[in-house]
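# Structural overview for review
Listed below are the residues making up each chain.
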Amino acid sequence: MREYMKFYIDGKWVDPVTPKSLDVINPATEEVCGHISAGSAADVDLAVAAARKAFETFSQTSREERIELLQRVLAEYQKRFGDTAHAITEEMGAPASLAQQAQAPVGLMHISTGIEVLKNFKFEEDRGPTRIVKEPIGVCGLITPWNWPINQVACKVVPALATGCTMVLKPSEEAPFSAYIWAEIMDAAGVPAGVFNMVNGTGAEVGAAISSHPGIDMVSFTGSTRAGVEVARAAAATVKRVAQELGGKSPNIILEDADMKSAVGRGVKSVMNNSGQSCNAPTRMLVPAGKMDEAIVIAKEAAESVTVGDPNGNATIGPVVNKSQWEKIQRLIKAGIAEGATLVTGGPDRPEGLAKGFYVKPTVFANVTNDMTIAKEEIFGPVVSIMGYGSVDEAVKIGNDTEYGLAAYISGTDQKKIHEVAAQLRAGQVSINGGGGDPTAPFGGYKMSGNGREWGDYGFHEYLETKAMLGYTPKQAAE
């Protein structure tokens, strides 16, 4: 049983202003596996005060000092790698193999990438007599979700540190263990007091206090579109910058000349990864109408090869994060059946033999139309919707016919056609023939998938203000 009852504020572990605890539920067992303190606006006030004080000096540190700091963070993270992976499995149900091979490693990736970007990042440039300077924006509020917990903590904290900002982190109360270990890593690495602060709690209490706080200069939020709207509303009164990475309903366009077995199988497996709990999952699979039957056979085989079970065992996927998420997925699966989609495999209720735990059957629907609920709503579970199209233009139209625009996927062999399709898709990231894994590629979405970008050098810009110093260089010197 984990007991994480303190917050990390001003370089110290402190008690909450008003003691109140929250249960943390292990989704594989449905049992309490730990407790955290639930913070309040008063705790956020203390954290912001510490961050504002620390900003006065940390914002003036050199590039070299911040590189050295991040290298210490990297070293401490490596020491706690196993602890981090184990915590992720316990708190949100990621299989141990996924935690060890993807969930925890992505933290290392963001720290290492941040160090390399910082070494050569241009904070200053001269344009004739004008000097343009990128300066740290100030105190940042970082609100992170539960589905890839360390990924989102690292891809916010690292660029904030690298650019000279100070911060207050509110990790998800659903998956707080790995973030607590992250705070211990910050402490062990010697991050100066007040630069990094962490307050646990709910979105309604701590998240709202961070979003509306006049002492916070920007908020970086990852989560649902619904919650993102509330963050933006709360932030509006103080005209702070808001960077958001929100929901997705990503199209996966499989072109006529694609290797169907490879493309369909890869698409299904990609959705099932992490129990479908990835905002960029290719959940809408578009196939040529004449190949629907072939796609159904391949997709059925791929989905039924996915095993569901104890995340500490050999299962491919574990549970989804909590009861409310499980119930939402069940509702949407039943809606797909009721609205006339063809249930290829899976369906409602738990998989056979799993009476306890928030487990979902790997599910595939075919003959889905874009007006169906399962084609419009983000399910956030292991559910694939296969849709037919008549022409490539129709595929693009269907692909773009969504309020989201986080990611899109294309499979085929004609590179010219692939590039034409990619250029027409309204999405922040387009993956071609399974391409991915670039830690410097910007990540973020169009439309209701958010604004701003994370990862690599693009992530740095969210934490910087731009200042123009006119007449900085005398005219004769500039000439």
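Refer to the structure presented above.
Description of the structure in this document. (Residues numbered from 1 in each chain as written. Predicted model: local features only at pLDDT ≥ 70, side-chain atom pairs only at ≥ 80, totals over all residues. Heavy atoms only, no water.)

## Here we look at the overall build of the protein chain
So the rule is basically this: Secondary structure is summarised from DSSP: a helix means a run of H or I of at least four residues, a strand means a run of E of at least two, and numbering begins at the N terminus for each. In this treatment the radius of gyration is a C-alpha quantity, and the globule benchmark scales as 2.2 Å times the residue count to the 0.38 power. Exposure classes here rest on a 1.4 Å probe applied to the protein chains alone. A residue is buried below 20% of its type maximum, exposed above 50%, and partly exposed in between. We call two residues contacting when some pair of their heavy atoms lies within 4.5 Å. Values of accessible area rely on a 1.4 Å probe in the Shrake-Rupley scheme; residue burial ignores everything except the protein chains shown. The charged-residue count follows a simple rule in which Lys and Arg add positive charge and Asp and Glu add negative charge, with His and chain termini not counted at all. By convention, the charge on Lys lies at NZ, on Arg at CZ, on Asp at CG and on Glu at CD.
What the protein chain contains, in helices and strands, is 17 helices and 23 strands. Taken over C-alpha atoms, the radius of gyration comes to 23 Å for the protein chain, in line with the 23 Å a tight globule of 479 residues would show. Viewed in the frame of its principal axes, the protein chain has a C-alpha envelope of about 70 × 65 × 40 Å. Counting only residues that meet the buried cut, the protein chain has 58% of its 479 residues in that class. For the protein chain, long-range pairs separated by at least 24 residues make up 73% of all intrachain contacts whose partners lie at least 6 apart in sequence. Entry remark: accessible area of the protein chain is about 18,900 Å², with carbon and sulfur atoms responsible for 51%. Here the protein chain contributes 45 positive and 56 negative side-chain charges, whose respective centroids are spaced 3 Å apart.

## Let's talk about unusual backbone geometry
You will see that D349, though not glycine, has its phi angle at about 75°, which is positive. Position of D349 among the secondary structure elements: in the loop between β15 (342-345) and β16 (363-366). Residue class for D349 comes out partly exposed when judged on its relative accessible area of 46%. Residue N367 is not a glycine yet carries a positive backbone phi of 55°. Tracing the chain through its elements places N367 in the loop between β16 and α13 (373-376). A relative accessible area of 38% places N367 in the partly exposed class.

## Topic: the sheet that holds strand β6 (residues 124-127)
Here is the rule we go by: A pair of strands is considered paired only if DSSP assigns at least 2 bridges between the two. Comment: axis = line fitted to C-alpha atoms, over the contacting stretch for helices; angle = value between 0 and 180 degrees taken between N-to-C directions.
Judged by pairing direction, the sheet is antiparallel, and its three strands sit side by side in the order β6-β7-β23 without closing on themselves. In this open sheet, the two strands that pair with only one neighbour each are β6 and β23 (464-469). Between one strand axis and the next, the sheet turns by 20° as a mean value, whatever way the strands run. Two strands pair when backbone bridges link them, and β6 and strand β7 (residues 130-136) are joined in this way by four bridges, in the antiparallel orientation. Across the sheet, E124 pairs through a bridge with V133, a residue of β7.

## Topic: the packing of helix α2 (residues 63-79) against helix α7 (residues 177-188)
For the record, the criterion: Any angle that falls under 35 degrees is termed roughly parallel, while one over 145 is termed roughly antiparallel, one within 65 to 115 roughly perpendicular, and all others oblique. Left-handed describes a crossing whose near helix is turned anticlockwise from the far helix through less than a right angle; right-handed describes the clockwise counterpart. Classification used: nonpolar for Ala, Val, Leu, Ile, Met, Phe, Trp, Tyr, Cys and Pro, charged for Asp, Glu, Lys and Arg, polar for all others including Gly.
α7 packs onto α2 with a crossing angle of 130° between their chain directions and a minimal axis gap of 9 Å. Here α2 lies oblique to α7, going by the angle between them. The way α2 lies across α7 gives a crossing that is right-handed. Across the interface between the two elements, V73, E76 and Y77 of α2 pack against W182, I185, M186 and A188 of α7. Here the residues of the contact of α2 with α7 sort into six nonpolar, no polar and one charged.

## Some thoughts on the packing of aromatic side chains
The criterion, for reference: Each aromatic pair joins two rings of Phe, Tyr and Trp (for Trp, the six-membered one) with centres within 6.5 Å, and gets the label stacked for planes under 30 degrees apart, edge-to-face for over 60, and tilted for any other angle. Whether a charge sits over a ring comes down to the Lys NZ or Arg CZ being within 6 Å of the ring centre and within 35 degrees of the ring normal.
Under the criterion given, the structure shown has 10 aromatic pairs. A centroid spacing of 4.0 Å and a plane angle of 5° characterise the contact between Y4 and Y180, whose relative ring orientation is stacked. Of this pair, Y4 sits in strand β1 (residues 2-4) while Y180 sits in helix α7, and the two are 176 residues apart along the sequence. Each member of the pair, Y4 as well as Y180, is classed as buried. Look at F121 and F460: their rings are 5.2 Å apart centre to centre, the planes differ by 40°, and that puts the pair in the tilted class. With F121 in the loop between α5 (105-120) and β6 and F460 in helix α16 (residues 456-461), this pair connects stretches of sequence that are 339 residues apart. An aromatic cluster is defined as three or more aromatic residues linked by ring pairs; in this entry it consists of Y4, Y8, W13, F177, Y180 and F196. The ring of F123 carries R66 above its face, with NZ or CZ at 5.6 Å from the centroid.

## Focus on the sheet that holds strand β13 (residues 251-254)
Spatial ordering of the open sheet is given by β15-β16-β17-β14-β13-β19-β20, a layout of seven strands whose pairing is mixed. With one partner strand each, in any of the chains shown, β15 and β20 (429-432) form the two edges of the open sheet. Averaged over all neighbouring strand pairs, the angle between strand axes comes to 25°, with direction disregarded. Pairing analysis gives five bridges linking strand β14 (residues 284-288) to strand β17 (residues 383-389), with the strands arranged parallel. Following the sheet pairing, L286 is matched in β17 by M387. Sheet strands in contact with helix α12 (residues 323-338) are β15, β16 and β17, and its direction is about 30° off that of β16.

## Observations concerning a nonpolar patch on the surface
We count it as follows: Each patch is assembled from residues with relative accessible area greater than 30% and no salt bridge, linking like charges that lie within 9 Å and nonpolar side chains (Val, Leu, Ile, Met, Phe, Trp, Tyr) that lie within 5 Å. Salt bridge criterion: a side-chain nitrogen from Lys or Arg within 4 Å of a carboxyl oxygen from Asp or Glu.
Together, M1, I25 and V32 make up an exposed nonpolar region whose accessible area comes to about 260 Å². Its place among the elements puts V32 in strand β5 (residues 31-37).

## Some thoughts on the pattern of salt bridges
By the definition in use, this model includes 25 salt bridges. Close ionic contact of R131 with D126 constitutes a salt bridge, the shortest N to O distance being 2.8 Å. A single network of salt bridges, built from pairs that share partners, joins R80, D83 and E184.

## Section: the environment of Q60
Filter applied, for reference: As used in this structure description, the phrase polar contact means that two N or O atoms lie within 3.5 Å; if the pair is within protein, one of them must be able to donate a hydrogen and the other to accept it, and residues adjacent in sequence are counted only when both atoms belong to side chains.
Mapped onto the elements, Q60 comes out in the loop between α1 (41-58) and α2. For the pair formed by Q60 and G450, sequence separation is 390 residues and the distance between their alpha carbons is 31 Å. Side-chain polar atoms of Q60 contact the side chain of S59, separated by 3.3 Å.

## Topic: the environment of V206
For V206, the position within the fold is in helix α8 (residues 203-212). Separated by 37 residues in sequence, V206 and L169 place their C-alpha atoms 9.8 Å apart.

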